[in-house]
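# Coordinate analysis (summary)
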Amino acid sequence: MAKKRKVLKKPNHKQKSKRTRNKNNKDNKVRIYKVNQATLEEQAKARREKNIQTFLVVVIIILAIAAIFSAIQTFFPNLFGRITLKGELAAKVNGVPITMQRLDTEYERLPAQYKYFITKEAFLNQLIDEILMVEEARKKGLFVSEEEVDKSLQTFMEQNNISQERLNDILKAKKLTYNELRQLVSNQRLIDKLLEEEVKNKINITTAMALQYYNENPDTFKIPELVTARHILISTNNRTEKEAYQQARIVLGLLEEDKSNFCDLVEEYSDDSGSLDKCGEYVFPRGQMVKEFEEAAFSQREGNITLVNTSFGSHIIWTINKTPEQIMRFQDVEEQIKRILRTQQEKMLYSDFIAGLRAQADITNYLVQEQKEEAEAKEEGTPGEEGGVVAAEQGEIKVVMEEQGEEEEVTPREAIEEEAVEEVEEGVDVMMPEEEIAEEQQELEETLEEEIAEIEEVTAKLSLAECLTSKGAVLYGAYWDSSTKKQKAYFGDEIDKIKYVECGVEGDYRAQTIECSEAGIMAYPTWVINNEKHMGVLTYEELAALTGCEI
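Since we're looking at a predicted model, the values are computed, not measured. (Residues numbered from 1 in each chain as written. Predicted model: local features only at pLDDT ≥ 70, side-chain atom pairs only at ≥ 80, totals over all residues. Heavy atoms only, no water.)

## Here's the deal with the pattern of salt bridges
A side chain of one charge can pair with a side chain of the opposite charge when the charged atoms of the two come close. Scanning the entire structure with this criterion turns up 17 salt bridges. Residue R239 pairs with D271 through a salt bridge whose shortest N-O separation is 3.2 Å. One end of the pair, R239, is in the loop between β5 (226-235) and α10 (241-254); the other, D271, is in the loop between α11 (262-269) and β6 (281-285), with 32 residues separating them in the sequence. Owing to a relative accessible area of 38%, D271 belongs among the partly exposed residues under this scheme. As a salt-bridge pair, K497 and E494 come within 3.2 Å of each other at their nearest N and O atoms. According to the relative accessible area criterion, K497 is partly exposed, its value standing at 34%. By relative accessible area, E494 is classed as buried at 14%. Salt bridges sharing partners connect three or more residues here, namely K140, E197, E198 and K202. (Salt bridge = Lys/Arg side-chain N within 4 Å of Asp/Glu carboxyl O. Helix = DSSP H or I, 4+ residues; strand = E, 2+ residues; numbered from the N terminus. Buried < 20%, exposed > 50% of the residue type's maximum accessible area, 1.4 Å probe, protein only.)

Shown next, in the form of structure tokens:
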């Protein structure tokens, strides 16, 4: 009987896979849960609340630090000095801070020419005064409406022929927004209203006050002795003195008896190009022309003609008119004096008003404090020469030499004696009797005193002259005016550092330059300080008081 063949069946992979999965599921015990959406939302909410709480804690800590810092600034204002949350301070005015950033920004907006006259320290004082005046105006109930600001801006643009586009360009260049400009205009209008009430309405100048000023300043209104003369110059530039004199005699012979052809002869023969178009005429006081010319013009009678020689050549001089020294009449200068007195009184009232506001205010100027501390530090630690210190005590000059921790005081007399000993030791034959030593000591001390006095005088002149210029002070005068000469002489060589405007017109004392005429100059000399005119010769003390300069 035949055996049955065993048939190998092809395995069923699906069944095997199913068995395998069932086995794995049993072994791994995998369980699948249904997700609860409510649970997820609660978890997200919890995370948000935790983040919010963390943020609030951080904010509370920051505010707490700020509050602590503010309290320290309030109750211990000097603990941190100039450093605040707003940055480094330049000053504080009644608790209102002026930061260095604000000071630097606003100072940089000034035109370059203003910075020459206004230092940053002076500008800071202006900002302080501005804050005080704005506060005072608000206390008094003064205010500026938006319409007033609009009108002021419109007037400014019309007067300066500025379009809106041009204004925008200016603001951009100055890093200033339009709203900031409006605030500046508003503050200025507010200050103007305050000053109108506190200063201008209180000005009172009477005729009696003007007359008193006139009588107390006679030199201011004095017109010196003058002569009007015409001349024909025969120059020695291209001829000898003898040839010039002979030519002048020939021209003099051509002059008609009534002198009607004098101007024609000037035009034809005179070598003075500066007076050709004026018929050779000059009007001048004493001290302006060369000596021979001046003496001839002043000494001869009106209408006379003479021939004189000077370093320029030969002059045919005709004296036309002579005017004695005189003083301008009060009625001719009364209004000018009143304007000057009004300006002076306005400045005095303004200064008193600002001083009153400052006296009642709590002001801390950190720039001034810093400069004072630096100055004191320099004074305390100023080194002498070669490791020594020069000191003056009870009128005796001492030189303290420091060497290996020892100090030796040497008087001038001892110094002289030691110098003599050193020369003898070196083989030099030197005799220094007691009398000579005393004389040398006295001469040395006198020389030192003279040099110190000279240095102090030069320093005072230099400081005042430069300070006046830095404050914008201008001196107006005339070359022929004696009072102008006196004022200029006060400064010596330092007069070149003073801004001086010449008002005199060569050849005519009655004329005045356009610059002086437009400035309203009525007498010589006249100082213009802070847009105020001060007639007459002013002393150092008066100039210092008017400008705040130190002498």
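Having put the structure on the table, let's press on.
## Quick word on the nonpolar core
Within the largest apolar cluster, 39 residues are counted, with the highest numbers of intra-cluster contacts made by I98, L103, F123, L124, I128, M133 and L181. Elements that contribute at least two residues to this core include exactly β2 (87-93), α3 (100-108), α5 (120-139), α6 (146-159), α7 (164-173), α8 (178-198) and α13 (330-360). Broken down by element, this core gets its largest block of residues, nine residues, from α5. When residues no more than four places from it in sequence are discounted, the contact partners of L181 are L153, L167, L171 and L176. (Core = buried A, V, L, I, M, F, W, Y, C linked by side-chain atoms within 4.5 Å. Contact = heavy atoms within 4.5 Å.)

## Here we look at helix α9 (residues 207-216)
Within α9, the full set of buried residues consists of A210, Y213 and Y214. Summarising the axial view, the buried residues of α9 lie within an arc of 100 degrees, below the 170-degree limit, and thus occupy one face. With respect to the buried face of α9, the exposed residues turned more than 90 degrees away are A208, N215 and E216. The elements touched by buried residues of α9 are β9 (326-327), α13 and β19 (532-535). (Arc of directions from axis to C-beta.)

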